[in-house]
Amino acid sequence: MTEEVVKEILPGTWRYVGLRMKDWHLWNVPIAVRSAKVLERHFNGNCYQLGKIQTHNVIVVEIDPIRLVYVRPKFRRYRSAALRTYPPAKWPIVIDHVLGRAIAHSWEYEYVLLQRLSNRKVNSEHAPREKVLGPLPIYPDLCFWDRRVGDKPLNRGPTYWGDEPADYDPNIESDAGMTLQQHGRWGWALGTEDTFEPHRQLTPVTFI
């Protein structure tokens, strides 16, 4: 009779962060939202003002273990806002708009989700796919991740799968799954770490 070996998942690993993100997925973390009211309704409140920055520029969503940063597409100080919100990173990072801000602005979404990336080259490779796209027949209030967008925090270029990705369409749902390690990489990109420390510059706000 053999004993089952259970591998312990320790802090400091991608898999540990993945466990902490077990309730959050590509289909319930929006990458762009129509308005502050839509954002608040989706997250059942839990919206915060960051310091003295006006909420029409930045809204932080905080629900342990996530602390998400949503910004107006044309807000220029987005990097500073992100760095004030995320825990300090141990290596150089790029602050990125998950949905290209030119796309979000042209489709009149008021807020775009930010993420931190550790690979500047991969981020640059995705840039040509994030320019203004044509009009859509339907504009949903919430936009979620597609395959290409979800590949970026996993350090994958836009042609990782061997083909040219389709233009982003918020009306097409992604069925992409993630391993526990990939879930951790994705969670880290959104600011999740091994622990959830209090943030002293956040003030609860409501829009409904």
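Attention in this report is confined to the structure presented alongside it. (Residues numbered from 1 in each chain as written. Predicted model: local features only at pLDDT ≥ 70, side-chain atom pairs only at ≥ 80, totals over all residues. Heavy atoms only, no water.)

Moving on: the packing of aromatic side chains. This model, assessed by the stated rule, comprises eight aromatic pairs. Pairing W145 with W186 gives two aromatic rings, centres 5.6 Å apart and planes at 75°, and the pair type is edge-to-face. One end of the pair, W145, is in the loop between β7 (142-143) and α6 (147-151); the other, W186, is in helix α7 (residues 180-189), and 41 residues separate them in sequence. Take W145 and W186: they sit in the same class, and that class is buried. A centroid spacing of 5.0 Å and a plane angle of 85° characterise the contact between Y160 and W161, whose relative ring orientation is edge-to-face. With a relative accessible area of 46%, Y160 lands in the partly exposed category. Residue classification places W161 among the partly exposed residues on the basis of a relative accessible area of 45%. In textbook terms, an aromatic cluster arises when at least three aromatic residues are bridged by ring pairs, as seen for W14, W91 and W188. When the ring centre of F196 is taken as origin, the NZ or CZ atom of R67, which lies over that ring, is 4.5 Å away. (Phe/Tyr/Trp six-rings, centres within 6.5 Å; stacked < 30°, edge-to-face > 60°. Helix = DSSP H or I, 4+ residues; strand = E, 2+ residues; numbered from the N terminus. Buried < 20%, exposed > 50% of the residue type's maximum accessible area, 1.4 Å probe, protein only. Lys NZ or Arg CZ within 6 Å of the ring centre and 35° of its normal.)

Note that the residue after D64, namely P65, is joined by a cis bond; omega there is 15°. At N155, a residue that is not glycine, the phi angle is positive and equals roughly 65°. The exposure class of N155 is partly exposed, given its relative accessible area of 30%.

This part is about the pairing of strand β4 (residues 66-71). With six of its six residues buried, β4 lies for the most part within the structure. With burial as the criterion, each face of β4 is covered, one bearing I66, L68 and Y70 and the other bearing R67, V69 and V71. Here strand β3 (residues 58-63) pairs with β4 via six bridges, running antiparallel. Note on β4: the bridge partner recorded for V60 is V69. (Pairing = 2+ DSSP bridges.)

Bringing the layout of surface pockets into the picture now. Estimated volume of the largest pocket: approximately 280 Å³. If you trace the largest pocket, you find 14 residues lining it, with G12, K90, W188, E193 and D194 closest to the centre. Counted by class, the lining of the largest pocket contains seven nonpolar, three polar and four charged residues. Considering only enclosed or pocket space, the second largest pocket measures out at about 220 Å³ in volume. Considering the residues around the second largest pocket, the lining is formed by D146, R147, R148, P165, A166, D167, D169, I172, E173, S174, D175 and A176. Split by residue class, the lining of the second largest pocket holds four nonpolar, one polar and seven charged. (1 Å grid on protein atoms, 1.4 Å probe; cavity = no way out; pocket = protein on both sides within 12 Å on 5 of 7 lines; lining within 4 Å. Points joined across faces, edges and corners; volume = space filled by probe spheres on them. Nonpolar A, V, L, I, M, F, W, Y, C, P; charged D, E, K, R; others polar.)

Looking now at the pairing of strand β5 (residues 94-97). Every second residue of β5 is oriented toward a common face, with V94 and D96 on one face and I95 and H97 on the other, all of them buried. In this sheet, strand β6 (residues 111-117) lies alongside β5 in antiparallel orientation, the contact comprising four bridges. Considered in β6, the bridge of I95 is made with R116.

Turning to its location among the elements, Y86 is positioned in the loop between α3 (78-85) and β5. Setting aside anything within four residues of it in sequence, one finds Y86 in contact with R67, V69, I95, L114, Q115, R116, A189, L190 and G191. Engagement of the side chain of Y86 in a polar contact is seen with the backbone oxygen of L114, the distance being 3.1 Å. (Contact = heavy atoms within 4.5 Å. Polar contact = N/O pair within 3.5 Å; in protein donor to acceptor, adjacent residues only side chain to side chain.)

The next subject is the nonpolar core. Core analysis: the biggest nonpolar cluster contains 37 residues, and V29, I31, L68, Y70, L113 and W145 have the highest contact counts within it. Of all the secondary-structure elements, those providing two or more residues to this core are β1 (32-33), α2 (36-42), β3, β4, α4 (101-106), β6 and β7. Excluding residues within four positions of it along the chain, L113 makes contact with V29, P30, I31, L68, V69, Y70, D96, H97, V98, W145 and L190. Within the second largest apolar cluster, 17 residues are counted, among which are Y48, Y78, Y86 and L114. (Core = buried A, V, L, I, M, F, W, Y, C linked by side-chain atoms within 4.5 Å.)

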